[in-house]
Amino acid sequence: MLNLLTTRDSRTDSHPHAAPGAPLVEATGLSVCRSGRWLIRDVDLRIARGEIVTLIGPNGGGKSTTAKAILGLMRFDRGRVWRAPGLRVGYVPQQLSIDWTFPLTVRRLMSLTSRQSDDAIRDALAEVEITHLIDAPVQSLSGGEFQRALLARAILRKPDLLVLDEPVRGIDFSGEIAMYDLIADVRRRLNCGVLLISHDLHVVMAESDTVLCLNRHVCCQGSPEHVAAHSSYRELLGPRAAQTLAIYRHHHDHAHAPDGSVVPLSEKAEAEDSDAG
Ligand SMILES: Nc1ncnc2c1ncn2[C@@H]1O[C@H](COP(=O)(O)OP(=O)(O)OP(=O)(O)O)[C@@H](O)[C@H]1O
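Parameters at a glance
Per chain, the residues get numbers from 1 upward, laid out in the order the sequence is written. Selection of residues for local features in this predicted model requires a pLDDT of at least 70, selection of side-chain atom pairs for listing and counting requires 80 or more, and totals for whole chains, interfaces and linings are taken over all residues. Side-chain numbers here rest on the full set of heavy atoms in the structure, without hydrogens or water. Helical segments are the DSSP runs of H or I of at least four residues, strand segments are the runs of E of at least two, and each set is numbered from the N terminus. Only protein chains enter the accessibility calculation, which uses a 1.4 Å probe; a residue whose area is less than 20% of its type maximum is buried, one above 50% is exposed, and one in between is partly exposed. Only heavy atoms matter for contacts: two residues are in contact if any of them lie within 4.5 Å across the pair. Each accessible area is a Shrake-Rupley estimate made with a 1.4 Å probe; only the visible protein chains count as cover when residues are assessed. Nonpolar cores are built from buried Ala, Val, Leu, Ile, Met, Phe, Trp, Tyr and Cys residues. Side-chain atoms within 4.5 Å join them into one set. One heavy atom suffices: a residue is near a molecule or strand as soon as one of its heavy atoms comes within 4 Å of it. Each polar contact in these results corresponds to two N or O atoms within 3.5 Å; when the atoms are within protein, one needs to be able to donate a hydrogen and the other to accept it, and residues that are neighboring in sequence are counted only if both atoms are side-chain atoms. Ten residue types, Ala, Val, Leu, Ile, Met, Phe, Trp, Tyr, Cys and Pro, are classed as nonpolar, four, Asp, Glu, Lys and Arg, as charged, and the remainder, Gly among them, as polar. Per-residue confidence from the predictor is reported as pLDDT, which spans 0 to 100. Note on pairing: two strands pair once DSSP finds at least 2 bridges between them. An axis is simply a line fitted to the C-alpha atoms; with a helix, the fit covers only the stretch in contact. Between two such axes, the angle follows the N-to-C directions and lies from 0 to 180 degrees. Our angle categories are set so that under 35 degrees counts as roughly parallel, over 145 as roughly antiparallel, 65 to 115 as roughly perpendicular, and the remainder as oblique. What the arc covers is the set of directions going from the helix axis to the C-beta atoms.

Chemist: Give me the overall build of the chain: which residues, what numbers.
Modeler: A count of helices and strands for the chain gives eight helices and 15 strands. By residue count, 48% of the 277 residues in the chain fall in the buried class. Expressed as a percentage of contacts within the chain between residues at least 6 apart in sequence, the contacts between residues at least 24 apart total 70%. Carbon and sulfur atoms make up 50% of the accessible area of the chain, which totals about 13200 Å².

Chemist: Now, about the nonpolar core: what can you tell me, with residues and values included?
Modeler: If you look at the biggest cluster of nonpolar residues, it comprises 45 residues, and the most contacted ones within it are Leu-151, Leu-162 and Ile-183. When residues of this core are assigned to their parent elements, the largest contribution, eight residues, is made by helix α5 (residues 173-190). Not counting the four nearest positions on each side in its chain, Leu-162 is found in contact with Gly-90, Leu-151, Ala-154, Ile-155, Val-186, Cys-192, Gly-193, Val-194 and Leu-195.

Chemist: Tell me about the site of the ligand, and please be specific about residues and values.
Modeler: Close contacts around the ligand come from 14 residues, with Gly-60, Gly-62, Lys-63, Ser-64 and Thr-65 the closest. The side chain of Ser-64 places a nitrogen or oxygen atom 2.9 Å from an oxygen atom of the ligand. Breaking the shell around the ligand down by element, the ones donating at least two residues are β3 (37-48) and α1 (63-71). Across the shell around the ligand, the residue classes tally to three nonpolar, seven polar and four charged.

Chemist: Describe the confidence of the model for the chain, with residues and values.
Modeler: The predicted model of the chain has a mean per-residue pLDDT of 85, with 85% of residues at 70 or higher. Residue range residues 1-14 is modelled with pLDDT below 50. Its contacts to residues more than four positions away, or to other chains, number 49 contacts.

Chemist: Explain the pairing of β3 residue by residue, including any values.
Modeler: In the sheet, strand β2 (residues 23-34) pairs with β3 via eight bridges, with the strands oriented antiparallel. Each bridged residue has a counterpart across the sheet, and for Ala-27 the counterpart in β3 is Leu-45. Counted between consecutive antiparallel strands, the loop separating β2 from β3 contains two residues, among which Ser-35 sits at a positive phi close to 50 degrees.

Chemist: Pulling in residues and values, what's your account of the packing of helix α4 (residues 143-155) against α5?
Modeler: Two elements in contact, α4 and α5, have axes whose closest approach is 12 Å; the angle formed by their N-to-C orientations is 10 degrees. Between α4 and α5, the angle falls in the class roughly parallel. Every residue of α5 that contacts α4 at Gln-147, Arg-148, Leu-151 and Ile-155 is listed here: Ala-178, Met-179, Leu-182, Ile-183, Val-186 and Leu-190. Its residues assigned to classes, the contact of α4 with α5 comprises eight nonpolar, one polar and one charged.

Chemist: Mind laying out helix α3 (residues 118-127), listing which residues take part and the relevant values?
Modeler: Since the α-helix advances by 3.6 residues per turn, residues separated by three or four positions end up pointing in the same direction. Considered for burial, the residues of α3 that qualify are Ile-121, Ala-124, Leu-125 and Glu-127. When α3 is viewed along its axis, its buried side chains cluster within an angular range of 155 degrees and face the same direction. Where α3 is buried, its residues meet α2 (106-110), α4 and α5. Glu-129, located one to two residues past α3, shows a positive phi value of around 65 degrees.

Chemist: Go over the pairing of strand β11 (residues 218-222), please, and point to the residues and values.
Modeler: The two faces of a sheet get side chains in turn, since along a regular strand they alternate between them. As paired strands, strand β10 (residues 210-214) and β11 are joined by four bridges and run antiparallel to one another. Residue pairing in the sheet places Val-211 in a bridge with Gly-222 of β11. The hairpin formed by β10 and β11 contains three residues between the paired strands, and Arg-216 there has a positive phi angle of roughly 70 degrees.

Chemist: Tell me what's going on with unusual backbone geometry, and back it up with residues and numbers.
Modeler: A positive phi is found at Asp-42, a non-glycine position, where the angle reads about 55 degrees. For Asp-42, the position within the fold is in strand β3. Relative accessible area serves as the criterion here: at 48%, Asp-42 is assigned to the partly exposed category. You will see that Glu-129, though not glycine, has its phi angle at about 65 degrees, which is positive. Topologically, Glu-129 is positioned in the loop between α3 and α4.

Chemist: Got a sec to walk through the environment of Pro-93? Specific residues and values, please.
Modeler: Here Pro-93 is to be found in the loop between β6 (88-92) and α2. Residue class for Pro-93 comes out buried when judged on its relative accessible area of 7%. In the structure, Pro-93 is positioned 104 residues away from Ile-197 in sequence and 9.8 Å away in space, judged by C-alpha atoms.

Chemist: If you had to explain the sheet that holds strand β5 (residues 78-83) to someone new, which residues and values would you point to?
Modeler: A sheet is described by the order of its strands in space; here three strands give the open sequence β3-β2-β5, paired in antiparallel fashion. Two strands in the sheet have a free side with no partner beyond their single neighbour: β3 and β5. For this sheet the average axis-to-axis angle between neighbouring strands, irrespective of direction, equals 15 degrees. Examined bridge by bridge, β2 and β5 share five bridges and lie antiparallel to one another. Bridging from a neighbouring strand, Thr-28 pairs with Arg-80 of β5. α1 rests against β2, β3 and β5 of the sheet, and its axis sits at about 120 degrees to β2.

Pasting the structure below:
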């Protein structure tokens, strides 16, 4: 009924190193091919404890595919994925297969896939500030409340790594800021790593340590600029937003042809010159 993963990797029972900065997952040359088409190719990605890594990119760019391949939920065809032994993951996928005609309270949502004590459920809901909704039907929640309930579900078992696929989808601008503040708080309290997926190509969570722009391969990567330091961004986004959101500047050395293939920018400029001439 509901496809949420909160799991302990069963390959070993030791726990990943708890020190901040300890690596949690590392993918090298990660490539996924389906029906003769590369969905992602040669993606390198590393997430350490305490870090926020944000994946951005156009629709169909391979963000969810990358997350699923890293978590072992999707077979990859080339490359290598290392997960810390005993890694505990809290995953909120983009697509949830919920039967909306089935009566479901927030409390029930929290214990759908494994039995949870009332205290654990209340603690997790308190973390995301929606304890008062414990007996509310899931169908009655706003977009922001529903995302918070899913986040609570993902942090129930104190994950080492939180993977959040579009956690601000369907939330308005002020709700987006509140959600990012909350994710930052949860990251600090749990001392976990966060892999955040967003389709917004320009505005990202300011606390992201690394942003990867993905369009079937890594087009560019870097840290977001903290808008708080830039008065023009402050004016653009507002003072509150400026602390939470940052403008991501892309530095691509290539463009993509309509079929998705990579065109080096120098070649593209030459083609445009000859077209013009
Ligand atoms: N199991 C699969 N088999 C074949 N193609 C797939 C499979 N899963 C995803 N795809 C395709 O791979 C491409 C990348 O999909 P993916 O969901 O990873 O993109 P995304 O960047 O997360 O997109 P969005 O922002 O729209 O969520 C899409 O064209 C999708 O149709």
